[in-house]
Amino acid sequence: MSNLVFSEKAYEGLEKLGLETALLQLDQTSQMAVAENWSYTEFLGHLLDGELAERLRQNVRIAYKMARFPYLKKLDDFDFDVQPSIDRKLVDELANLRFTEDGRNIILLGPPGTGKTHLAVALASLIVEQGRRAYFSTASDMVRKLDKAARENRIHRAMQMLVHPSLLVIDEVGYLQLDKAEASMLFQVICKRYDKKQSMIITSNKAFSQWGDIFANDPVMASAALDRLLHKSTVINIKGESYRLKEKKKAGIRLEGGEIMS
Ligand code: ADP
Ligand code: MG
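So, here is what we can say about the structure in this document.

Conventions used here
- Residues numbered from 1 in each chain as written.
- Chains lettered and ligands numbered in written order.
- Predicted model: local features only at pLDDT ≥ 70, side-chain atom pairs only at ≥ 80, totals over all residues.
- Heavy atoms only, no water.
- Buried < 20%, exposed > 50% of the residue type's maximum accessible area, 1.4 Å probe, protein only.
- Helix = DSSP H or I, 4+ residues; strand = E, 2+ residues; numbered from the N terminus.
- Pairing = 2+ DSSP bridges.
- Right-handed = clockwise from strand over helix to strand, strands pointing away.
- Near = heavy atom within 4 Å.
- Polar contact = N/O pair within 3.5 Å; in protein donor to acceptor, adjacent residues only side chain to side chain.
- Nonpolar A, V, L, I, M, F, W, Y, C, P; charged D, E, K, R; others polar.
- Patch = residues over 30% accessible without salt bridge, like charges linked within 9 Å, V, L, I, M, F, W, Y side chains within 5 Å.
- Areas by Shrake-Rupley, 256 points an atom, 1.4 Å probe, with all protein chains shown as cover.
- Salt bridge = Lys/Arg side-chain N within 4 Å of Asp/Glu carboxyl O.
- Lys, Arg positive; Asp, Glu negative; His and termini not counted.
- Charge placed at Lys NZ, Arg CZ, Asp CG, Glu CD.

1. Some details on the pairing of strand E3 (residues 167–173)
Phase 1 of the analysis: Within E3, six of the seven residues are buried, which leaves the element mostly enclosed by the surrounding structure.
Phase 2 of the analysis: Pairing between strand E2 (residues 134–138) and E3: five bridges, direction parallel. If you follow threonine 138 over to E3, its bridge partner there is aspartate 171.
Phase 3 of the analysis: Note that the unit made of E3, helix H8 (residues 180–195) and strand E4 (residues 199–204) has a crossover that is right-handed.

Take a look at the structure:
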């Protein structure tokens, strides 16, 4: 652009359209357009870039709040060397998030402290970084909330909140025994997301053979749930000991008995 003429219409238009960032950046971007001799479309591109970037930032901020992660951990924070049973390449591949395009599930199995929640949060946070929605819940919290919602006649809405996000993390499946009604709630969530081809990340300390116990000793419901979860899935079986315990051992911290772990 060759000269700098300000048009009131432009300010008004951006304001009316709610393009707040573009409005704020209009003067500066116009000046740059002249200085850099941008074409009209280049100018518009820069103006919209600023608006879109700010919208993504806001969206990501909101998505993080809505995701309800118990803590924020990234893949970069994960030390793959201490957990050789995890295929790093596979995790890196999952990080491209293509699994969410065809409703593939990720199932993280392993003993406590081996990084299941960490990996689930790290992968889900990548969705959030794109401004998409993810939701994290432990299985027991989820069924408790659904049970409450059912009693208050708002189960439909509560279910929608679990079906709608691009990714649902159900953490700690199998840590607490579910009764029949709770198991059926968990089953419904799995079915609804499966029907809509919406991905889930499930973490559990129980092998699939023990899943009957999780579903209130109902092997039919357990295998129907597993059928759906495993239909399109990536299972990561973590073997090994707790990361925290390992760190403690490394630091030579005294356990309660007074002995030093080595
Ligand atoms: P769980 O398998 O019980 O869900 P977590 O993922 O919560 O375990 O891991 C327990 C703690 O140890 C978390 O703070 C997590 O960040 C950390 N942790 C576990 N594994 C690793 C690892 N390989 N590298 C870095 N931190 C880890
Ligand atoms: Mg955990």
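2. Description of the site of ligand 1
Phase 1 of the analysis: Not every one of the 16 residues close to ligand 1 is listed here, only the nearest: Lys73, Asp79, Gly113, Thr117 and His118.
Phase 2 of the analysis: Within the contact set of ligand 1, an oxygen atom lies 2.8 Å away from a side-chain nitrogen or oxygen of tyrosine 71.
Phase 3 of the analysis: Lysine 116 places a polar side-chain atom, nitrogen or oxygen, 2.8 Å from an oxygen atom of ligand 1.
Phase 4 of the analysis: Residue composition of the shell around ligand 1, by class: six nonpolar, five polar and five charged.

3. Details of a negative patch on the surface
Phase 1 of the analysis: On the surface, a cluster of negative charge is made up of Glu8, Glu12, Glu15 and Glu20.
Phase 2 of the analysis: Examining the composition of the negative patch, we find that three residues originate from one element, helix H1 (residues 8–16), more than from any other.
Phase 3 of the analysis: With respect to the helices and strands, the residue glutamate 8 is situated in helix H1.
Phase 4 of the analysis: Judged by relative accessible area, which is 58%, glutamate 8 ranks as exposed.

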